[in-house]
Amino acid sequence: MHVKSTVNFKACDEYVLTIPFTGNLTEEWIGYYIRSYVDKESNQTRWFAVTQFEALGTRKAFPCFDEPEYKATFKIRLGHKKGLTSISNMKFMNQINCPSNSEYVVDEFEESPPMSTHLVAYTVADFVFNEANSEDDQVKYRIICRKELVNQTEFAINLGPKVLKYHEDYFHEKFPLQKQDMAAIPDLSTNSMENWGLATFKENYLLIDLNVAKIDDVYDVGHSITHELAHQWFGNLVTMKWWTDLWLNEGFAEYLGLRGVDFVFPESKYFQVANVKNFLLVLNLDSLQSAHPLSVAIGKPDEIAPISQDPITFAKGPILFHMMNTFLGEDTFKQGIRNYIHEYKFSNAEQDDLWSSLTEEAHRQGTLDKNVTVKQIMDTWTRQTGYPVLNVVRDYSAGTVTLSQERYLSIKSNGTDNKTCWWIPITMTTSGDLNQTNAKFWLNCENNNLTTPLAKDNEWVIYNMQMTVLFRVFYDTRNWMGIICTLNDPTKYETIPTLNRVQLILDSLSFSQVGDMDYEITFQLLKYLKHEIEYTPWLAALSGWRKIDNLLKRTPKHAVFQNNIRDMLSCVYNKFRNMEEKVNGYENIQLQSLVISRACEYQTKDCIQRVLDLFRKWMKSVDPDNNNILPKELKDTIWIRAIQYGGVEEWNFLWGRYQRSNLRSDKDDMIFALGCTSIKSLLLRYLNWLLDDSIIPKEDAYTAFDSVTRNEVGFSVAKEFLYCKISDISEYYQPEGDGLVKYVNYIASQMKTKEELEEFKSFIIKSSGYFKEPDLVINQITETITKNIEWTSKFYNKILQN
């Protein structure tokens, strides 16, 4: 920016630049924008204005140097009509009548500490407040929402103060503001935003009705709250210098948010379950050639949004922080974080600053060799694409094992990538010594083909204890068979830790999928599941089977495959088949939900009949909206399968419940379930409704379309809808612009033949004018479909011989 002065400036004098500025409230989801909702009690439209500034929205609201490194203090004054309330980052000071308009007042807020522009926030609305009880010297903590949802604030109002105290203790730094507001916004472009002192959330990420909500939804809301409160220190008090370190900002808040849920609900093992889910996501996405490093250099404004919305940003980060916490030790890691926060508070920092703080503390405590730095280790994980596979080759006659690494790719490249290597902390255990869990040494570029002694009488060796590091492990066949013998012994399988059982399942399925290991060996390993009683191994297995199931859809062998999985599930299904029997404990509830969901999906007759009976009993109940008799942990499964196997009457009934529901998590599940019908006329009507925001809100349309594409009957209907309505879809999602690409990717994920690929590429080329980057779209769908084609050609005729 250039400012011309009419006078010559004098050295050492202070000058104040004032910029008159007038702007309109935007209708976009960025900047200071206006939205409305319908008040159910009065049936009147209510308007509100709210900010969403990350990443580049502040400049739309007022003149500023809109980059995170330019911190400033802010003093906000908001004018609004009487009867409405304004809120901002800081504590309210006073209100005066507007001298120019008697219907308006002006609210003034305290001046903020130095902060980045994207964290400034304010809103004007008719929302109500629920304030937590707190001691005089504690932070004022409030939940803000629409009046009709105030009964859903109890969980958040009780959780927040505990989490603030947890974070204060973790960072060893008092919360720097006098108040913390958490606002539920009816229409927000992001799930949640950490604005300092005024965090904003989509309603279902903050509010929940404990009487009807599933335990998974309750804990997910808890995680959303703990994540945004972690940002008040890591992200707000200390802020990244530039968007390149967005992963650091989000990754650590996600890590500490998961830890925070475990602190509040120590019996849940929520962190362990969430970490496994992150592994499932990252192992899949990061194995593609098109993957990108976690730390991506940002050079242009339009490069920020794709990274901020990338699941890798939120999933890979916490895995790596957990890895650091493990190899440095809890005390070293936590103190290093505290040192970093203390040194850079009210300022900015970057990735290397955190690595320096951790290195200094690790060297001081002696938990890291003086010749090694955290930067050396972590640059290999954050600045490189992908993750490694550890190849384990035993020489049984010599009593040795040789370790080597290479990048793992789900589609083999023509040449081996010898340039990529990682610093891998090596942990292991053997059948002879189950307690060998400490890191023995590091495998890196300098010792990437390392042979060490290993007693020949060990039946097996397993690496990566507790699955704390992001890599796969490929063993020789004899070692796999030794592991399989132990797993298939009901008295011994638990000697292999739960998370290592998870990794063995994930790795064996993946190695078979790319052709490195016979499916016969993998299925021998998976037979042990008949006596598995823990949730995460079943989650891993059923996630792997889901990939195979998707690839067999719309083929003659699909029914045979489903029959095999149905048999595998029969034992654990019998444990949970009584759907009305209450199950206790987070993981047990998760296991029950998963098993019943998949038993019905794989057409277990008993499961389908029980679901239909329960749903039809609910249909006949008095006041079904307020008297939902379904087991709350199984509602989503019951809705999906009742719609799939029911008729028009069931569909219309659930559509009515969706329209009347006041619980966001239920609406999300219902909108997905409605796309599962087998009736084509219903599907076509449903898809056309996706382009009418007055029938199905835009935020629900993605879920609905995804559901229809996954439906065996619905796939062809969804594809034809995309082909015929591409112009309408493109126009509907402007100016955001990424809606059409999401629809395309949903369709591509279900394709698996060369003919489908050529047809879809031809469609994209013909419709290139609707895409900002058509070549990128073609590359993405080509890789996705090619991966499916390769698997189908290699394994379609082999998969069911075992």
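Residues numbered from 1 in each chain as written. Predicted model: local features only at pLDDT ≥ 70, side-chain atom pairs only at ≥ 80, totals over all residues. Heavy atoms only, no water.

Colleague: Mind showing me how you'd approach the overall build of the chain here?
Modeller: The number of helices and strands found in the chain is 25 helices and 22 strands. For 802 residues, the compact-globule estimate of 2.2 N^0.38 gives 28 Å, and the chain sits close to it at 28 Å. If one aligns the C-alpha atoms of the chain with their principal axes, the spans along those axes are about 90 × 70 × 55 Å. Taken over 802 residues, the chain has a buried fraction of 57%. A separation threshold of at least 6 residues defines the contact pool for the chain, and within that pool the share at least 24 residues apart is 69%. Here the chain holds 85 positive side-chain charges and 105 negative ones, and the gap between their average locations is 4 Å. (Helix = DSSP H or I, 4+ residues; strand = E, 2+ residues; numbered from the N terminus. Rg over C-alpha atoms; globule rule 2.2 N^0.38 Å. Buried < 20%, exposed > 50% of the residue type's maximum accessible area, 1.4 Å probe, protein only. Contact = heavy atoms within 4.5 Å. Lys, Arg positive; Asp, Glu negative; His and termini not counted. Charge placed at Lys NZ, Arg CZ, Asp CG, Glu CD.)

Colleague: I keep staring at unusual backbone geometry and nothing clicks. Help me out?
Modeller: A negative phi holds for most residues other than glycine; trans holds for most peptide bonds. Of the consecutive residues glutamate 54 and alanine 55, the connecting peptide bond is found in the cis state with omega at 5°. Take alanine 55: it is sitting in the loop between strand 2 (44-52) and strand 3 (77-81). Even without being glycine, lysine 269 reaches a positive phi, approximately 55°. The topology assignment puts lysine 269 in the loop between helix 3 (246-264) and helix 4 (270-285). Residue lysine 269 is classed as partly exposed on the basis of its relative accessible area, which comes to 39%.

Colleague: Before we go on, may I ask you to explain the sheet that holds strand 5 (residues 92-97) in this structure?
Modeller: Whether parallel or antiparallel, the strands of a sheet pair through hydrogen bonds between backbone atoms. Reading across from one edge, 3-6-5 is the order of the three strands in this open sheet, with antiparallel pairing throughout. A strand with exactly one partner marks an edge of an open sheet, and here the two such strands are strand 3 and strand 5. The sheet shows a mean angle of 25° between the axes of neighbouring strands, direction not considered. Pairing of strand 3 with strand 6 (residues 104-109) involves five bridges; the strand directions are antiparallel. (Pairing = 2+ DSSP bridges. Axes fitted to C-alpha atoms, helices over the stretch in contact; angles between N-to-C directions.)

Colleague: Help me understand the pattern of salt bridges in this model?
Modeller: Pairing between side chains of opposite charge can happen when their charged atoms approach one another. Tallied over the full model, the rule gives 38 salt bridges. One salt bridge connects lysine 214 with aspartate 669, and the closest N-O pair in it is separated by 3.2 Å. Taken as a pair, lysine 214 in the loop between strand 12 (198-202) and helix 2 (215-231) and aspartate 669 in helix 19 (residues 664-673) lie far apart in primary sequence, 455 residues in all. Each of the two residues, lysine 214 as well as aspartate 669, counts as buried. One salt bridge connects lysine 375 with aspartate 379, and the closest N-O pair in it is separated by 2.7 Å. Pair noted here: lysine 375 and aspartate 379 are both in helix 9 (residues 374-382), with a separation of four residues, about one helical turn. Exposure remark for lysine 375: the relative accessible area of 31% places this residue in the partly exposed category. (Salt bridge = Lys/Arg side-chain N within 4 Å of Asp/Glu carboxyl O.)

The values reported here are purely geometric and, on their own, carry no functional implication.
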